[in-house]
Amino acid sequence: MVPSSNSVHTLESLRSLINESLNTVEKSILDHNDPELSLDSCESHPVHSRLQADLEVALKTISSATNMLRSLCDPNTYLNDTIYGYHDETALFIACQADIANHLGKEELSIQELAQKTGLNEEKLARYLRNLCNKQIFRETANNRFANNFLSVTFQSEGKRALVGHCADECRTSSSKAWEALVHPDYKDATEANKAPFNLAYDTDLTVFEWVKSVRPDIGQRANTAMAGKGLNLEQYLTLYPWHSEGTKTIIDVGGGVGAGTLPIMKENPNLHLRVQDRPESEPKFYEYLKNSYPEFEQSDRVKFVGHDFFTPQQEAGDIYFLRHVIHDWPDEEARQILSNCAAKMSLGNKLLILEHMLAPTYRDTSQSSFEVAPQPLLANWGQSVVSRLDLQMLACLNAKERTETQYRALVDSTGLKVVRVWRNAGLDTVLECIKA
Ligand SMILES: C[S@@+](CC[C@H](N)C(=O)[O-])C[C@H]1O[C@@H](n2cnc3c(N)ncnc32)[C@H](O)[C@@H]1O
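Now for a look at the structure at hand. None of the values given here were measured: they were computed from a predicted structure.

Observations concerning the overall build of the protein chain
- The number of helices and strands found in the protein chain is 18 helices and 11 strands.
- For the protein chain, the C-alpha radius of gyration of 23 Å lies close to 22 Å, the compact-globule estimate for 437 residues.
- Taking the principal axes of its C-alpha atoms as reference, the protein chain extends roughly 65 × 55 × 55 Å.
- Relative to its full complement of 437 residues, the protein chain shows a buried share of 46%.
- A sequence separation of at least 24 residues applies to 65% of the contacts in the protein chain between residues at least 6 apart.
- When the accessible surface of the protein chain is split by element, carbon and sulfur atoms take 51% of a total near 21,900 Å².
- If you average the places of the 44 positive and of the 59 negative side-chain charges in the protein chain, the two averages end up 1 Å apart.

Re the packing of helix α4 (residues 86-97) against helix α7 (residues 122-134)
- Taken N-terminus to C-terminus, the directions of α4 and α7 make an angle of 120°; their axes are 9 Å apart at the nearest point. As far as their axial angle goes, α7 and α4 are oblique. In terms of crossing hand, the pair formed by α4 and α7 is left-handed. Along its contact with α4, which presents H87, D88, T90, A91, L92, I94 and A95, the element α7 presents L125, Y128, L129, N131 and L132.

Describing the site of the ligand
- In the vicinity of the ligand there are 18 residues, among which G255, D278, D309, F310 and R324 approach most closely.
- Here an oxygen atom of the ligand and a side-chain polar atom of D278 are 2.6 Å apart.
- For the ligand, an oxygen atom lies 2.4 Å from a polar atom in the side chain of R324.
- Class assignment for the residues of the shell around the ligand results in six nonpolar, seven polar and five charged.

Focus on unusual backbone geometry
- Cis geometry is found at the peptide bond from Q376 to P377, where omega equals 0°.
- Locating P377 in the fold gives a position in the loop between β8 (351-359) and α17 (385-398).
- Despite not being glycine, N144 shows a phi value in the positive range, around 65°.
- With respect to the helices and strands, N144 occurs in the loop between β2 (139-142) and β3 (145-147).
- Looking at N144, the relative accessible area reads 22%, which means it is partly exposed.
- Not every positive phi belongs to a glycine, and W382 is a case in point at roughly 65°.
- Position of W382 relative to the elements: it lies in the loop between β8 and α17.
- Accessibility expressed as a relative area gives 9% for W382, which makes it buried.

Re the state of the cysteines
- The tally for this structure, following the rule as stated, stands at zero disulfides.
- Left unpaired, C171 is separated from the closest cysteine sulfur, that of C397, by 3.7 Å.
- Residue class for C171 comes out buried when judged on its relative accessible area of 4%.
- According to the relative accessible area criterion, C397 is buried, its value standing at 9%.

Some remarks on the packing of α4 against helix α8 (residues 158-175)
- Where α4 contacts α8, the axes come no closer than 9 Å and their chain directions differ by 130°. In terms of orientation, α4 lies oblique with respect to α8. Taken as a pair, α4 and α8 cross one another with a handedness that is left-handed. Contacts between α4 and α8 involve Y86, E89, T90, L92, F93 and C96 on the former and, on the latter, R161, V164, G165, C167, A168 and R172.
- Among the residues making up the contact of α4 with α8, the classes are represented as seven nonpolar, two polar and three charged.

Some words on the sheet that holds strand β1 (residues 108-110)
- In space, the three strands of this open sheet follow the order β1-β3-β2, with antiparallel pairing throughout. Two strands in the sheet have a free side with no partner beyond their single neighbour: β1 and β2. On average, each strand axis in the sheet is inclined to that of its neighbour by 40°, with strand direction left out of account.
- Examined bridge by bridge, β1 and β3 share three bridges and lie antiparallel to one another. Its bridge partner being in β3, S110 is matched across the sheet by R145.
- Each of β1 and β3 touches helix α6 (residues 111-118); the most contacted strand, β1, lies at about 85° to it.
- Across the sheet, α7 is in contact with β2 and β3; its angle to β3 comes to roughly 50°.

Topic: helix α1 (residues 9-31)
- Here α1 is 23 residues long and its end C-alpha atoms lie 33 Å apart, about the 33 Å a rise of 1.5 Å per residue gives.
- Residues of α1 that are buried: S13, L14, L17, I18, S21, V25, S28 and I29.
- In this fold, the buried residues of α1 make contact with α2 (53-73).
- N33 occupies a position one or two residues after α1 and carries a positive phi of about 55°.

So, how was this worked out
Residues numbered from 1 in each chain as written. Predicted model: local features only at pLDDT ≥ 70, side-chain atom pairs only at ≥ 80, totals over all residues. Heavy atoms only, no water. Helix = DSSP H or I, 4+ residues; strand = E, 2+ residues; numbered from the N terminus. Rg over C-alpha atoms; globule rule 2.2 N^0.38 Å. Buried < 20%, exposed > 50% of the residue type's maximum accessible area, 1.4 Å probe, protein only. Contact = heavy atoms within 4.5 Å. Areas by Shrake-Rupley, 256 points an atom, 1.4 Å probe, with all protein chains shown as cover. Lys, Arg positive; Asp, Glu negative; His and termini not counted. Charge placed at Lys NZ, Arg CZ, Asp CG, Glu CD. Axes fitted to C-alpha atoms, helices over the stretch in contact; angles between N-to-C directions. Parallel < 35°, antiparallel > 145°, perpendicular 65-115°, else oblique. Left-handed = near helix turned anticlockwise from the far one by under 90°. Near = heavy atom within 4 Å. Polar contact = N/O pair within 3.5 Å; in protein donor to acceptor, adjacent residues only side chain to side chain. Nonpolar A, V, L, I, M, F, W, Y, C, P; charged D, E, K, R; others polar. Disulfide = S-S within 2.5 Å. Pairing = 2+ DSSP bridges. Expected span 1.5 Å × (residues − 1).

Rendered as structure tokens:
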């Protein structure tokens, strides 16, 4: 039977979107005289970090459209990827624990050489690596010979390996108790941060933050390293908000961890000052990170660490209170308390900036003012799977959540603050600029 024009409409639309987007990518590569985009290369490619709005849209269109095309054309593989996908995380965890990307470097090594370097069983290690090769992470160049590519070299970074450990270990262990928590009489409707799947998984009444402090400081250290290594697109992030127009102001990075969100801003804007606030036990990790990654600030008065519990009144006077990926860690009541403590210290002229990933619906909803809706037939939110996965990660660990812009506005309104501007570009991050109401 010859298909009617209607019955191929979705396929044709996807084909056009992919073709147009690939043209944009190719044009950018040619215009900039870039090297070939190849999975055999170990070098990161400029096209992935270029600040060019149409290119960023093209890249996410390709991702979204190819994903939809797979679900349409090969549903069996698509569903199997979801059903068995947890093995990918396990394999990546193994590769990171064994530091395979650094052992390989620029070389191609046999599994015997890798087994010798890692002390692992060669036959078993090869099977984990092969799983990753199927995901285009690492390459098997001949039987039992492995090499890096530009995806696998990502895991040469300590921060990225820590992020994999954080997700594959305590977050996944917590997540495995999700169903139990949903039906447990004491947990099913609970909103407290210490009534999450994490608490069932680790049999504790402590929040995950209290638990890492008193029970597993090693996991806390790894989480700090992971936050520093999330690998955000720095260029995009630095230009999302006009930091350069803030002159000589002082930023208070509330729950700032090792300052990974704000130190790059200091580097680019030599007149700004920074106070990174976090739990006192984060201080050694902060100064270690400063020494290793930003030694120019080690002796500088521009950058300091201040131990502070953000559930207690804010003591530090600054111009800009900045919270990156802090509010998403907490249920509404605690989130309100953190923001209210900042609001109480703020004067007129001060700002509070919330940097988070905003959840957006898969259906077409024009009420989300700053959210760019994807073209048909794509999911309206481009299938922003990482944000919904992070939402579930927050639920698993702290009964917390990612929020929509509307939910953030409602939260901010309840704290004596108001949102005056939303900063967004084609990337995942959004900055909500707030002042005193
Ligand atoms: C998801 S991390 C984000 C870190 C940092 N803002 C960033 O983006 O890299 C959350 C941070 O909140 C900090 N934190 C948790 N409870 C806290 C508290 N009661 N007072 C201050 N900081 C806290 C943690 O130590 C951690 O550094």
